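As a plain string of letters, each chain reads:
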Amino acid sequence: RPGIKVGVVGTYDENDFTNSHSAVTNPVDSAVHRGWSAVMLTHLARSNQVPDFYELHYYGHTENSSVLLPPERANDYHLLRSGAYERRAVERCRKMLCDYLGPVNGSNVAIHVTENNCVGYDPGKQMLSLVNGMFVPEMFSQAALGGADAFLWWDLHNNPFTNHNNSTTLHGWRNYGDFGLLAVGDSAPLGDAVNEPYPPFYGFKLLTNFARAGDHLVEITGNYPDTFLAYACVPSDTASVRLLVINLSPDTALRPSIALDGFTPGSGATVFTYGIPEDAGRADITVTNLAITSPTNIRYTFPKYSMTVLRF
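Remember, it's a predicted structure, so these values are computed and weren't measured experimentally. (Residues numbered from 1 in each chain as written. Predicted model: local features only at pLDDT ≥ 70, side-chain atom pairs only at ≥ 80, totals over all residues. Heavy atoms only, no water.)

### Quick word on the sheet that holds strand β14 (residues 306–311)
As summarised here, the arrangement of the six strands in space is β7-β8-β9-β14-β11-β12, forming an open sheet in which the pairing is antiparallel. Looking at strand neighbours, the two that pair on one side only are β7 (216–219) and β12 (286–291), the edges of this open sheet. On average, adjacent strands in this sheet sit at an angle of 20° to one another, irrespective of strand direction. Here strand β8 (residues 228–234) runs beside strand β9 (residues 242–247); their pairing, made up of six bridges, is antiparallel. Residue pairing for β9: L229 is matched across the bridge by I246. (Pairing = 2+ DSSP bridges. Helix = DSSP H or I, 4+ residues; strand = E, 2+ residues; numbered from the N terminus. Axes fitted to C-alpha atoms, helices over the stretch in contact; angles between N-to-C directions.)

Below is the structure:
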């Protein structure tokens, strides 16, 4: 049927899932590879076939360490600072597509990140903690900056499990894990009714107040590189600016001075916040108003371990 798209599944590395009988050569750097993606893209190029999209599954921590992934497993600190790996994974997919299919064809293949979640190794309470909720907008923003055309989570409904990593070193009060965004209901003995949202759900809900189709996503410079992630979305009409801020500190609220170069905000901004109080109370995103008295020196206190969108 017209309109149907056909894609392929690959990884971000030319040596992943190696085989013993088929070796191919990267036409750009002449390096020899036996990985799934390199072999597949070589055969597509030989057949003059260009897929409509390239499907990537990516998790913040996986069982096999590589040059892209930190060696730590189920560690809140390192998970919340692993966004750059997502961006690099998408960028490496684009390079492979351009190397094997040619710069024109390779640039036109959409990259869809169709699986994402915090952990692929001994998953436990971290999956349902506020930390994984904050992980959602970080990885979305990094995937977008890397050039991804779609970003999806695994998955909407899954099932709870209690026999994995529920260490007290991890943040969170649920002592079980679940890959889903919503409870399936048979976890009622654990305290979750059917379709009760977990923190990652609110990470996605927060994004609906941040990024819209046609926006331009930009990174933000700041003075708290280890505890503060910030991104901005600017619509094509430049009539507004939306700022996403993730406070990575579990102990300290941050009150930076915000400067919007080239944009003069009105007298107030709408603030959308999800953090420790909302998570503990099983509550929705909190919406408040911020009065702006000095457009060149905007101040707002971002709570510890929180994700916030300011809409100017």
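Moving on from the model shown.
### Quick notes on helix α5 (residues 130–146)
In an α-helix there are 3.6 residues to a turn, and that puts residues three or four apart on one side. Given a rise of 1.5 Å per residue, 17 residues ought to cover 24 Å, and the 25 Å separating the end C-alpha atoms of α5 matches this to within 8%. In terms of residue burial, α5 counts as a mostly covered element, since 15 of its 17 residues are buried. With a side-chain oxygen positioned 3.1 Å from the backbone nitrogen of V131, the residue opening α5 is S129. Backbone geometry just downstream of α5 places G147 in the positive-phi region, at approximately 105°. (Expected span 1.5 Å × (residues − 1). Buried < 20%, exposed > 50% of the residue type's maximum accessible area, 1.4 Å probe, protein only. Polar contact = N/O pair within 3.5 Å; in protein donor to acceptor, adjacent residues only side chain to side chain.)

### Examining the packing of aromatic side chains
In the structure shown here, the tally under the stated rule is 11 aromatic pairs. Aromatic pair F201 and Y202: ring centres 5.3 Å apart, planes at 90°, arrangement edge-to-face. The exposure class of F201 is partly exposed, given its relative accessible area of 28%. Ring plane angle 15° and centroid distance 4.7 Å describe the contact between Y202 and Y274, whose orientation is recorded as stacked. Taken as a pair, Y202 in helix α6 (residues 199–207) and Y274 in strand β11 (residues 268–275) lie far apart in primary sequence, 72 residues in all. A single burial state applies to Y202 and to Y274, both of which are buried. Directly above the ring of Y77 sits R81, whose terminal nitrogen or CZ lies 3.8 Å from the centroid. (Phe/Tyr/Trp six-rings, centres within 6.5 Å; stacked < 30°, edge-to-face > 60°. Lys NZ or Arg CZ within 6 Å of the ring centre and 35° of its normal.)

### Section: the pairing of β8
The buried fraction of β8 amounts to six of the seven residues, a majority that puts the element mostly inside the structure. In this sheet, β8 lies alongside β7 in antiparallel orientation, the contact comprising four bridges. Opposite L217, over in β8, you have C233 as the bridge partner.

### Notes on the pattern of salt bridges
Tallied over the entire structure, the rule returns 12 salt bridges. Note that R81 and D226 form a salt bridge whose closest N and O atoms lie 3.3 Å from each other. Of this pair, R81 sits in the loop between α2 (76–79) and α3 (83–101) while D226 sits in the loop between β7 and β8; the two residues are 145 residues apart in sequence, bridging distant segments of the chain. Ionic pairing is found between E196 and R174, a salt bridge with its closest N-O pair at 3.5 Å. Note that E196 is positioned in the loop between β6 (150–151) and α6 and R174 in the loop between β6 and α6, a separation of 22 residues in sequence. Judged by its relative accessible area of 15%, E196 falls in the buried class. (Salt bridge = Lys/Arg side-chain N within 4 Å of Asp/Glu carboxyl O.)

### Some details on the side chain of N26
Relative to the elements of secondary structure, N26 occurs in the loop between β2 (24–25) and β3 (32–33). Judged by relative accessible area, which is 0%, N26 ranks as buried. Every residue in contact with N26, bar those within four places of it in the chain, is listed here: E14, A31, H33, D99 and Y100. (Contact = heavy atoms within 4.5 Å.)

### Overview of unusual backbone geometry
Across residues other than glycine, the phi torsion is negative in most instances, and most of the peptide bonds are trans. Here W154 and D155 are connected by a cis peptide whose omega angle stands at -5°. Mapped onto the secondary structure, D155 falls in the loop between β6 and α6. For T238, which is not glycine, the phi dihedral falls at a positive 55°. In this fold, T238 is placed in the loop between β8 and β9. When its relative accessible area of 51% is taken as the criterion, T238 is described as exposed.

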